[in-house]
Amino acid sequence: MQIILSDNWHLSSLTDPSLPQGNLTLPNAICSALPSSVSQQQIEQQEWYLSHDCYLEEDLLKCPAIDLVVEGIERFAEVRVNGIAVFDCDGAQQVYQREIRSLLNSGKNRIELLLIEPDADYLGDEDLAITANNKQEHSKSAISHAPRLQGISNVRLEKVETEQVWHYGGGCELIVNVFYSTVSPGLVSASVKFDGMTYQLPLDVRDNHVKAIFQVEAPIYSDLENQNPKDLYDLVVELDGQICSQVIALSDSLCVSHSNTI
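The structure presented is a predicted model; accordingly, all values stated were derived computationally and were not measured.

What counts and what doesn't
Residues numbered from 1 in each chain as written. Predicted model: local features only at pLDDT ≥ 70, side-chain atom pairs only at ≥ 80, totals over all residues. Heavy atoms only, no water. Helix = DSSP H or I, 4+ residues; strand = E, 2+ residues; numbered from the N terminus. Buried < 20%, exposed > 50% of the residue type's maximum accessible area, 1.4 Å probe, protein only. Contact = heavy atoms within 4.5 Å. Areas by Shrake-Rupley, 256 points an atom, 1.4 Å probe, with all protein chains shown as cover. Phe/Tyr/Trp six-rings, centres within 6.5 Å; stacked < 30°, edge-to-face > 60°. Salt bridge = Lys/Arg side-chain N within 4 Å of Asp/Glu carboxyl O.

(A) Spatial organisation of the overall build of the protein. Regarding its fold elements, the protein presents 3 helices and 20 strands. Put simply, the protein has 262 residues, and 44% of those count as buried. Within the protein, contacts between residues separated by at least 24 positions form 68% of all contacts whose residues are at least 6 apart in sequence. When the accessible surface of the protein is split by element, carbon and sulfur atoms take 46% of a total near 13,700 Å².

Below you can see the structure in the form of structure tokens.
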């Protein structure tokens, strides 16, 4: 079970209370919730507070694990659940995920995003370099994905790893490795879809990994320097209500690529 936290995010400035407040629907840029009189430069100079109240029913809370998944935040952010800080988004990862089942209540819950300047005393030199680089690359204050709550009944999808094996006689194999961790024992299978084929892979809850191998007899070769979207393949992994989608370029110059899940 998944709940997308997209609507009714209340936005206000932490550093200048005189600035207008607004309601934001994610994904979106902060400027979409503010009047045009607030310039982009003003937006980037401010620290911002976003809060979202969600009401949870017992169907979700029955799950033995519930993860909060946050991605697509283009500046440093502190994430809180019901007033408790759970993690920071510092640009070091594409996807941030944390198990928060113990912090949730039946009924009203508040998720908060604090878009703030990182504390230099808190971050190490490497973290500061990552944050500075991320800020330079993404000067626009925006959130490109809505946060979501992911209920997990049995197995958490940890990551998906792909490897290409090319044959001298033509064709290639795409090896898809699905890594998981068991939350609660049960009969679970992973669905792996690629190039019009689907494998249903039963999972051994005592293990943490399952593999699918796709034979591609006549692969569409992708030019990595000038990629054509028509040359790309879709890979979709579904596991216990969680979905990991990625686009695959087939090329003998590629080795192993990784994707954080969800």
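(B) Representation of the packing of aromatic side chains within the structure. In total, this model carries 5 aromatic pairs according to the counting rule given. With centroids separated by 6.1 Å and ring planes inclined at 10°, the aromatic side chains of F87 and Y96 adopt a geometry described as stacked. You'll find F87 and Y96 in the same group, each marked buried. An aromatic cluster of three or more residues is present, and its members are F194, Y199, F214 and Y233.

(C) The arrangement of the pattern of salt bridges in detail. Inspection of every chain in the model, using the stated rule, returns 7 salt bridges. For R110, the salt bridge identified is with D53, shortest N-O distance 2.7 Å. Of this pair, R110 sits in strand 10 (residues 107-115) while D53 sits in strand 5 (residues 48-56); the two residues are 57 residues apart in sequence, bridging distant segments of the chain. Between R206 and D204 there is a salt bridge; the shortest N-O distance is 3.0 Å. Take R206: its relative accessible area is 76%, and that puts it in the exposed class. Given the relative accessible area of 32%, D204 is considered partly exposed. Shared partners join several salt bridges into a network, and the residues in it are D53, K108 and R110.

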